[in-house]
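# Reading the structure
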Amino acid sequence: MSSFYDELIPGLASKCWQVHKFGGTSVADANCFLQVAHIIEDQLDINNDVLGPNAKNLAVVVSAMGGKPKVTDLLLEAVRHASMREHNKVDDQLDIVLSKHSECLKILFHQEYAEQERLIKIIKGGLNDIRDILKTVSLMKWQAERISEVVSGFGELWSTQILTRVHNVWLS
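Residues numbered from 1 in each chain as written. Predicted model: local features only at pLDDT ≥ 70, side-chain atom pairs only at ≥ 80, totals over all residues. Heavy atoms only, no water.

### As for the overall build of the protein
Rules: Secondary structure elements follow DSSP: runs of H or I of four or more residues count as helices, runs of E of two or more count as strands, with numbering from the N terminus. Only protein chains enter the accessibility calculation, which uses a 1.4 Å probe; a residue is then buried when its area is under 20% of its type maximum, exposed when over 50%, and partly exposed in between. Pairs of residues are marked as contacts when any of their non-hydrogen atoms sit within 4.5 Å.
Helix and strand counts for the protein come out as six helices and two strands. Secondary structure of the protein in N-to-C order comes out as α-β-α-β-α-α-α-α. A total of 172 residues make up the protein; the buried ones form 36% of that total. Taking all contacts inside the protein whose residues are at least 6 apart in sequence as the whole, residues at least 24 apart take part in 74%.

In structure tokens, the structure reads:
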């Protein structure tokens, strides 16, 4: 009997998976992103060199950038401020998010300016989407849990983009 996953991607359910979860502290800054990329690269090498055809599939899950301040906390605070129509505080929170990512990208891609700019553009686009979402929150004076989840989820998406590019640009 085939599983739901075998119908999506034949053979997927029968494969062995190794999952690595990196929390916010693991991706708090540029140096942390590089360390995580090296861990992933080492696991890929072990899988390919040692296990060969019996290699496990590797899945990687990353959180939003941690450290002080944490990106998730900044985004959730922006939602809270929007629900109270504190627009300047919303802007302050989102500016810190952009600054934190910009500083990290300048270090990671100091020799790859085009890559740095491409990722900044993605983050700015996400921040514009968040501002649009928060306009609704402000108009309704309502901090819905689902809206908080959507907004805070942008941090994980950005970390995933950054880690992917670090791996592809610096380690591949």
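### Re the environment of Lys15
Along the polypeptide, Lys15 turns up in the loop between helix 1 (4-8) and strand 1 (17-22). Residue classification places Lys15 among the partly exposed positions, given a relative accessible area of 45%. Between the C-alpha atom of Lys15 and that of Ala55, which follows or precedes it by 40 residues, the distance is 9.3 Å.

### Observations concerning helix 5 (residues 113-140)
Filter applied, for reference: Given the number of residues in a helix, its expected span is that number minus one, multiplied by 1.5 Å.
The first and last C-alpha atoms of helix 5 sit 41 Å apart over 28 residues, in line with the 40 Å expected at 1.5 Å per residue. Where helix 5 is concerned, the buried positions are Glu115, Gln116, Leu119, Ile120, Ile123, Gly126, Leu127, Ile130, Leu134, Val137 and Ser138. Its buried side turned inward, helix 5 meets helix 3 (71-83), helix 4 (87-108) and helix 6 (145-171).

### Quick word on unusual backbone geometry
At the junction of Lys68 and Pro69, the peptide bond is cis and its omega measures out at -5° in the coordinates. Along the polypeptide, Pro69 turns up in the loop between strand 2 (57-62) and helix 3. Phi angles above zero are rare outside glycine, and Lys141 is one such case at about 50°. Relative to the helices and strands, Lys141 is located in the loop between helix 5 and helix 6.

### Some thoughts on the nonpolar core
Heads up, the condition is: As used in this record, nonpolar core signifies buried Ala, Val, Leu, Ile, Met, Phe, Trp, Tyr and Cys residues forming a set joined through side-chain atoms within 4.5 Å.
Counting residues in hydrophobic clusters, the biggest one holds 38 residues, and the most contacted among them are Phe33, Leu75, Leu94, Leu108, Ile130, Leu134 and Trp158. Broken down by secondary-structure element, the contributors of at least two residues to this core are helix 2 (30-51), helix 3, helix 4, helix 5 and helix 6. Filtering out sequence-adjacent residues up to four positions away, Leu94 remains in contact with Leu75, Ala78, Leu127, Ile130, Arg131 and Leu134.

### What to know about a nonpolar patch on the surface
The following threshold applies: Any residue with relative accessible area above 30% and no salt bridge may belong to a patch, with like charges joined within 9 Å and the nonpolar Val, Leu, Ile, Met, Phe, Trp and Tyr side chains within 5 Å. Areas reported as accessible are Shrake-Rupley estimates using a 1.4 Å probe. Residue values count occlusion only from the protein chains shown. Salt bridges are identified by distance alone: a Lys or Arg side-chain nitrogen within 4 Å of an Asp or Glu carboxyl oxygen.
Nonpolar side chains collect at one region of the surface, where Trp17, Val19 and Val61 lie side by side and expose about 280 Å² of accessible area between them. Mapped onto the secondary structure, Val19 falls in strand 1. Assessed through its relative accessible area of 55%, Val19 is described here as exposed.

### Focus on the side chain of Ser83
Residue placement: Ser83 occurs in helix 3. Apart from the residues lying within four places of it in its own chain, the contact partners of Ser83 are Val137, Lys141, Trp142 and Gln143.

### What to know about the state of the cysteines
Convention followed: The rule for a disulfide is simple: a pair of cysteine sulfur atoms within 2.5 Å.
Evaluated as defined, the whole model comprises zero disulfides. Free of any disulfide, Cys32 has its nearest neighbouring cysteine sulfur in Cys104, separated by 8.8 Å. Among the residues examined, Cys32 registers a relative accessible area of 15% and is labelled buried. Since its relative accessible area comes to 3%, Cys104 is described here as buried.

### Here's the deal with the packing of helix 4 against helix 5
How we decide: Each axis is a line fitted through C-alpha atoms, and for a helix only the stretch in contact is used; angles between axes span 0 to 180 degrees, taken between their N-to-C directions. When an angle is under 35 degrees it counts as roughly parallel; over 145 it counts as roughly antiparallel; between 65 and 115 it counts as roughly perpendicular; any other value is oblique. In a left-handed crossing the near helix is turned counterclockwise from the far helix by less than a right angle, and in a right-handed crossing that turn is clockwise. Under the convention adopted here, Pro, Cys and the residues Ala, Val, Leu, Ile, Met, Phe, Trp and Tyr are nonpolar, Asp, Glu, Lys and Arg are charged, and Gly plus all remaining residues are polar.
Running from N to C, helix 4 and helix 5 cross one another at 165°; their axes reach a closest spacing of 11 Å. In terms of orientation, helix 4 and helix 5 fall into the roughly antiparallel class. Crossing of helix 4 over helix 5 shows right-handed handedness. For the pair helix 4 and helix 5, the contacting residues are His87, Val90, Asp91, Leu94, Asp95, Val97, Leu98, His101, Ser102, Leu105 and Lys106 in the first and Gln116, Leu119, Ile120, Ile123, Lys124, Leu127, Ile130, Arg131, Leu134 and Ser138 in the second. Of the residues that constitute the contact of helix 4 with helix 5, the class distribution is 11 nonpolar, five polar and five charged.

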